[in-house]
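Close look at the chain arrangement
In case you want the letters, here they are:
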Amino acid sequence: MVNFKNRDIISIHDFSKEDIMHILKTAKRFKAAPAPGLLKNKILASLFFEPSTRTRFSFESAMQRLGGSVITLADAKTSSSAKGESVADSIRIVEKYCDVIVMRHSIEGSARLAAEVSNNPIINGGDGANQHPTQTFLDLFSILETQGKLKGLNVAIVGDLKYGRTTHSLAYALGMFGSRLHFVSPVSLQMPNHVMHELKKMKAKFTIHQHPEKIMPKLDIFYATRIQKERFPDPVEYEKVKDVYIITNKLLTKVKKNFRILHPLPRVNEINYEVDTTPYAYYFQQANNGLYVREALLALTLGKI
Amino acid sequence: MKPLRTFKVYAIKNGTVIDHIPEGKGVEIIDLLRLRQWRKIVTVGIGFSSKKYGKKDIVKIENKELTAEEANKIAIIAPTATLNIIRNFERVSKQNVKLPEVIEGILKCPNPACITNHEPVTTKFFHDETGELHMRCWYCERYFKATDVEVM
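Quick look at the environment of Thr82 of chain B
All names here are of chain B. Positionally, Thr82 belongs in strand β4 (residues 82–87). Using a relative accessible area of 4% as the deciding quantity, one classes Thr82 as buried. Expressed as a C-alpha distance, the spacing of Thr82 and Ile21, which sit 61 residues apart in the sequence, is 7.7 Å. Leave out the neighbours within four places in its chain, and Thr82 touches Val17, Ile18, Asp19, His20, Lys94, Gln95 and Asn96. There is a polar contact of 3.4 Å between the side chain of Thr82 and the side chain of Asn84.

Examining the pairing of β4 of chain B
All names here are of chain B. Counted residue by residue, β4 has five buried out of six residues, so it is predominantly covered. Strand direction decides the pairing type here: strand β1 (residues 15–22) and β4, joined by five bridges, are antiparallel. Pairing of Val17 across the sheet is with Asn84, part of β4. Linking β4 back to strand β5 (residues 90–96) in an antiparallel pair, the connection comprises two residues, with Asn88 at a positive phi of about 50 degrees.

A few points about the domain arrangement of chain A
All names here are of chain A. Parsing chain A into structural domains produces domain 1 (12–131 + 289–301) and domain 2 (133–287). Its C-alpha centre places domain 1 at a distance of 26 Å from the equivalent point of domain 2. Overall, the association of domain 1 and domain 2 removes approximately 2300 Å² of surface from exposure, summing both partners, and the carbon and sulfur fraction of that is 65%. In terms of surface lost to domain 2, no three residues of domain 1 exceed Ile12, Leu24 and Asn289, which account for 28% of the buried area on that side. Remark: the boundary between domain 1 and domain 2 carries one salt bridge. The salt bridge partner of Lys31 is Glu145, with a shortest N-O separation of 2.6 Å. Joining domain 1 to domain 2, the criterion identifies 12 residue pairs in polar contact (both at pLDDT 80 or more). Broken down by element, the side of domain 1 that touches domain 2 gets its largest block of residues, eight residues, from helix α1 (residues 17–32). Residues of the side of domain 1 that touches domain 2, tallied by class, amount to 13 nonpolar, nine polar and seven charged.

With respect to the sheet that holds strand β3 (residues 54–62) of chain B
Residue and element names in this part refer to chain B. What the five strands build is an open sheet, ordered β2-β3-β1-β4-β5; its pairing is antiparallel. The outermost strands of the open sheet, each flanked by one partner alone, are β2 (42–50) and β5. For this sheet, the mean angle separating the axes of adjacent strands, direction not counted, is 20 degrees.

Quick notes on the confidence of the model for chain B
Of the residues in chain B, 91% have a pLDDT of 70 or more, and the chain-wide mean is 88. Taken over the whole predicted complex, pTM reads 0.89, whereas the ipTM for its chain interfaces reads 0.91.

Re the nonpolar core
Of all hydrophobic cores here, the largest spans 58 residues; its most connected members are Ile20, Phe137, Ile157, Leu181, Phe183 and Leu298 of chain A. Considering every element that reaches this core, the biggest residue donor is helix α9 (residues 283–301) of chain A, with eight residues. Both domain 1 (12–131 + 289–301) and domain 2 (133–287) of chain A contribute no fewer than three residues apiece to this core. Setting aside residues no more than four positions away along its own chain, Phe183 of chain A makes contact with Ile157, Leu161, Ala171, Met191, Leu199, Phe206, Thr207, Ile208 and His209 of chain A. Counting 54 residues, the second-largest nonpolar core is a separate cluster that includes Ala114 of chain A together with Ala71, Ile77 and Ile115 of chain B.

About the criteria used
- Chains are numbered independently. Their residues run from 1 in the order of the written sequence.
- By the order in which they are written, chains take letters starting at A while ligands take numbers starting at 1.
- Where local features are concerned, this predicted model is filtered to residues with pLDDT of at least 70; where side-chain atom pairs are given and counted, the filter is 80 or more; whole-chain, interface and lining totals use all residues.
- Think of the side-chain values as coming from all heavy atoms in the structure, minus any hydrogens and water.
- Numbering of helices and strands runs from the N terminus; a helix is a DSSP stretch of H or I covering at least four residues, while a strand is a stretch of E covering at least two.
- With a 1.4 Å probe rolled over the protein chains alone, any residue whose accessible area is under 20% of its type maximum counts as buried; one over 50% counts as exposed, and the rest are partly exposed.
- Here, residues are in contact when the closest pair of their heavy atoms is within 4.5 Å.
- As used in this structure description, the phrase polar contact means that two N or O atoms lie within 3.5 Å; if the pair is within protein, one of them must be able to donate a hydrogen and the other to accept it, and residues adjacent in sequence are counted only when both atoms belong to side chains.
- What makes two strands pair is DSSP finding at least two bridges between them.
- Domain start and stop points were drawn from an automatic or database domain assignment.
- Summed over both partners, the accessible surface that disappears when two parts come together, traced with a 1.4 Å probe, is what is meant by buried area.
- In the sections that follow, a salt bridge refers to a side-chain nitrogen of Lys or Arg positioned within 4 Å of a carboxyl oxygen of Asp or Glu.
- Note that Gly is not counted as nonpolar here; it falls among the polar residues with everything else outside the nonpolar set of Ala, Val, Leu, Ile, Met, Phe, Trp, Tyr, Cys and Pro and the charged set of Asp, Glu, Lys and Arg.
- Working convention: axes come from line fits to C-alpha atoms, limited for helices to the stretch in contact. Angles between N-to-C directions cover 0 to 180 degrees.
- The quantity called pLDDT is the predictor's confidence in a given residue, expressed from 0 to 100.
- The nonpolar core is taken to be a set of buried Ala, Val, Leu, Ile, Met, Phe, Trp, Tyr and Cys residues, with the residues joined through side-chain atoms within 4.5 Å.

Here it is in structure tokens:
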């Protein structure tokens, strides 16, 4: 039996397959049957030193749906961190007022440091370009929900693979579960070497592509991400590739029946609106799953399930 | 009779000799191992001839036996070094230094966005032998080539 009481949720690297399956099963329970009152008298401190909409709302909503309450930073600009207080000191103070902390901070490794100084569990809601583990858990939950398994799937991860932290963690987790990965991106935004190094170490199967068309018929999951214009050193290069990564119904003519499109959102123009009404679109359900996954993580780390 | 060997640095009775240090790294090793804190006599030899490496540095510490764990810290800047323990002028053990799997507090993370470069945190790196990306920072989780990571 996996025990999550008081455990920190910092990085996907801290979790085994068994751990991840336990989180996903718990989330499934919450999706099937709400548990109001489970976290009664528990307080979540929601420390978003960086702006967030979906992650913050879904954590705060998850806590309140389970009967707990939330204390929060109104605006990072008015917090003590803006006065120059260190992350470690902020956490040492806030942990006294709550039972669990979810935090987002632009500095990489800030959540790891917070976990080292806090006696209460820390949940990483994103530390700069490094980790965003709860996004990975909700991505995996959505893949498991639509495919019934995490092993042996063909998953394309598409878009900005160089800077997109969600793609790195997802690739690592799917590699661990034994899915085949197809990295589709412009050459300048390819998956970084260190991610491929980790995948090779665990003998995960992956291939690199620049265009998605040819692999569409064999895919189970298409995980799209945003390509930001400002990431390109040369705007001409951006103009050349921008349309290649836009999903339209035309691209979906030869896909399998179980094929689903996921996206961590917000989308800008990667997925044409016409795709929303196809049976393949799953990104809004995916975002909704964030709620159940975060309910599961709060209940598990507080030792209430 | 054994031919007399002339010592450029006199032999020590008891203690530790770190030999085969790459030339120019001897002084850095004294600081890295914080050898001054014990107030023992430390002798440094710089630019000695070495059959294997051409030139080398040597550090001798009197009346202090370094443990392998202590000495392994120097592997990051002196991978060729050997650790020799001397008792009553005799060498009783000799071993090569080996980079430990976890390296704490010696290296500076090259990632400017890493928390260790913003707050007073002891750095921690994991070292692995596979591929050329050897060093992983415990905090920002990035991989670095050993040659890209600086000693503090």
